[in-house]
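Residues per chain are reported as follows:
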Amino acid sequence: AKRAGTHDVVVYQPGMLDRRADDAALGEDLEEAVSSGQLRVLYQPMVDLSSGRPVGAEALVRWHHPLRGIVSPLDFIPIAERTGAITGVGLYVLEQACRMVQTWAGHPYVSVNLSARQLQDPTLVGSVRTVLDRTALPPDRLVLEITESAIVDDRVALPALEALRAHGIRIAIDDFGTGYSSLQYLSRLPVDILKIDRSFVAELDNTGRGSAITEAVISLARILDMTTVAEGIETPAQAAELQRLGCRTGQGYLYAKPLAADDAEQYFTHPQRV
Ligand code: C2E
Ligand code: CA
Ligand code: CA
Ligand code: CA
């Protein structure tokens with residue numbers, strides 16, 4: 001049992017101490033990760049489902065830790081959020097992504113994940129504009145992905161989203177359908193794209209049952225004048241069903257895994273035909 005009092009003996013469950021000490025250690029290392037170039041950005045192509053041609057890419061960060069090897073964003077982004085290191089990490093990913101996408105054939109866009117804490121940061125809009133200026137990327141080639149739950153405080157998040165959009169940047173809601181926003185709330189959000197979560201795509205097959213949620217999200221998007229992007233497409237049957245339902249863009253292992261920058265450049269130069 002674990003007791004919180006200062007003078008009590010604290011008995012941790014197996015793994016608990018490790019986990020905490022680990023998180024603290026990772027948090028400290030993270031400060032250095034950005035400055036010493038340990039973060040790498042991978043790019044997962046997003047394709048037009050009917051032609052298979054790439055139209056954009058999602059930037060996905062990895063941490064090449066000197067001792068631990070490759071650390072997943074699922075393990076360090078939450079820590080970066082708590083310590084505040086996410087500001088530096090997020091801007092690094094954004095700048096890399098904006099620079100890289102410029103070098104690819106076909107004028108694709110790049111989609112960059114924003115965390116809750118970034119969205120609450122009053123300097124966000126200025127920083128994003130500075131990066132666009134510095135990299136000379138046209139704003140219509142940048143998409144920022146946020147989750148429903150990242151809108152912690154509307155009074156800060158909504159004006160920021162409005163300002164980004166007024167600048168020509170598109171906003172996507174990531175993992176759509178896994179949060180709890182009401183339809184009324186969604187209709188007020190300044191958003192262009194709904195990303196259909198992988199868990200719903202995984203339920204699709206070609207037996208005609210499909211997923212009621214996917215179907216509902218696609219018609220909802222149409223009503224609200226938004227587009228949809230499906231994530232985690234792994235089979236041709238899923239791709240076919242998504243198209244039948246009216247989704248035109250998607251990403252997933254069926255087309256490409258997240259690629260190193262060099263491989264992504266190749267991919268855009270010589271897209272695989274599906
Ligand atoms: P996400 O934004 O939902 O990204 C999609 C995740 O699904 C990625 O995991 C991607 O590698 C994986 N994926 C793509 N296609 C498939 C597929 O066909 N099948 C399966 N099973 N998985 C697929 P990844 O790269 O491990 O990223 C995990 C999460 O970490 C992301 O989820 C995102 O929430 C977060 N993340 C990654 N990079 C960043 C970043 O730069 N900033 C922030 N704030 N979060 C990030
Ligand atoms: Ca995402
Ligand atoms: Ca997602
Ligand atoms: Ca997801």
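This one's a predicted model, so the numbers in the text were calculated from it and none came from an experiment. (Residues numbered from 1 in each chain as written. Chains lettered and ligands numbered in written order. Predicted model: local features only at pLDDT ≥ 70, side-chain atom pairs only at ≥ 80, totals over all residues. Heavy atoms only, no water.)

### Focus: the overall build of the protein
And step 1. Looking only at helices and strands, the protein has 11 helices and 9 strands in total.
And step 2. Considered along the principal axes of its C-alpha atoms, the protein spans approximately 65 × 45 × 40 Å.
And step 3. Buried residues in the protein amount to 46% of all 274 residues.
And step 4. In the protein, of all internal contacts separated by at least 6 residues, the share reaching a separation of at least 24 is 67%.
And step 5. In the protein, 26 side chains carry a positive charge and 35 a negative one; their mean positions are 1 Å apart. (Helix = DSSP H or I, 4+ residues; strand = E, 2+ residues; numbered from the N terminus. Buried < 20%, exposed > 50% of the residue type's maximum accessible area, 1.4 Å probe, protein only. Contact = heavy atoms within 4.5 Å. Lys, Arg positive; Asp, Glu negative; His and termini not counted. Charge placed at Lys NZ, Arg CZ, Asp CG, Glu CD.)

### A closer look at the site of ligand 1
And step 1. Neighbouring ligand 1 are 21 residues, the closest being Gln44, Arg62, Asp174, Glu234 and Tyr253.
And step 2. Between ligand 1 and Gln44 there is a distance of 2.9 Å, counted from a nitrogen atom to a side-chain nitrogen or oxygen.
And step 3. The side chain of Glu58 places a nitrogen or oxygen atom 3.2 Å from an oxygen atom of ligand 1.
And step 4. In the complex, 85% of the free accessible area of ligand 1, which totals 810 Å², lies under the protein chains. (Near = heavy atom within 4 Å. Polar contact = N/O pair within 3.5 Å; in protein donor to acceptor, adjacent residues only side chain to side chain. Areas by Shrake-Rupley, 256 points an atom, 1.4 Å probe, with all protein chains shown as cover.)

### Points about the coordination of the calcium ion (ligand 2)
Ideal coordination angles are 109.5 degrees for a metal with four donors arranged tetrahedrally and 90 or 180 degrees for a metal with six donors arranged octahedrally.
And step 1. For the calcium ion (ligand 2), every protein donor is listed as Glu58 (OE), Asn113 (OD1), Glu145 (OE) and Asp174 (OD), and the spread of their distances is 2.2 to 2.3 Å.
And step 2. We note that the donor set of the calcium ion (ligand 2) lies within a single chain, spaced as E-x54-N-x31-E-x28-D.
And step 3. A relative accessible area of 5% places Glu58 in the buried class. (Donors = N, O, S within 2.8 Å, 3.2 Å for Na, K, Ca; no water.)

### Overview of the coordination of the calcium ion (ligand 4)
And step 1. Every protein donor of the calcium ion (ligand 4) is listed here as Asp175 (OD), Asp197 (OD) and Glu231 (OE), and their distances to the metal cover 2.2 to 2.4 Å.
And step 2. Sequence spacing of the donors to the calcium ion (ligand 4): D-x21-D-x33-E.
And step 3. Between the calcium ion (ligand 4) and the calcium ion (ligand 3), the interatomic distance is 3.2 Å, and Asp175 donates to each metal, bridging them. Taken as a pair, Asp175 in strand S6 (residues 170-176) and Glu231 in the loop between strand S8 (227-230) and helix H10 (236-245) lie far apart in primary sequence, 56 residues in all.
And step 4. With relative accessibility at 24%, the residue Asp175 sits in the partly exposed group.

### What about the pairing of strand S1 (residues 39-48)?
And step 1. Extensive coverage of S1 is indicated by the burial of 9 of its 10 residues.
And step 2. As paired strands, S1 and strand S2 (residues 54-65) are joined by 9 bridges and run antiparallel to one another. The residue of S2 that forms the bridge with Tyr43 is Ala59.
And step 3. Hairpin connection of S1 to S2: 5 residues between the antiparallel strands, including Gly52 at a positive phi of 80 degrees.
And step 4. Sheet topology note: the S1/strand S9 (residues 249-250) ladder contains 2 bridges and is antiparallel. Its bridge partner lying in S9, Val47 is registered against Gly250. (Pairing = 2+ DSSP bridges.)

### Some remarks on unusual backbone geometry
And step 1. Residues other than glycine seldom take positive phi values, yet His107 does so here, at roughly 50 degrees.
And step 2. Examined against the element boundaries, His107 turns out to sit in the loop between helix H3 (86-101) and strand S4 (109-113).
And step 3. Since its relative accessible area comes to 65%, His107 is described here as exposed.
And step 4. The backbone of Ala136 sits at a positive phi, close to 60 degrees, despite the residue not being glycine.
And step 5. Mapped onto the elements, Ala136 comes out in the loop between helix H5 (124-135) and strand S5 (142-147).

### So, the environment of Phe268
And step 1. Mapped onto the secondary structure, Phe268 falls in helix H11 (residues 261-269).
And step 2. As for Phe268 and Leu220, which are separated by 48 residues in sequence, their C-alpha atoms are 31 Å apart.
And step 3. Ignoring anything within four residues of it in the chain, the contact list for Phe268 reads Pro54, Gly56, Ala57, Trp104, Ala105 and Pro108.

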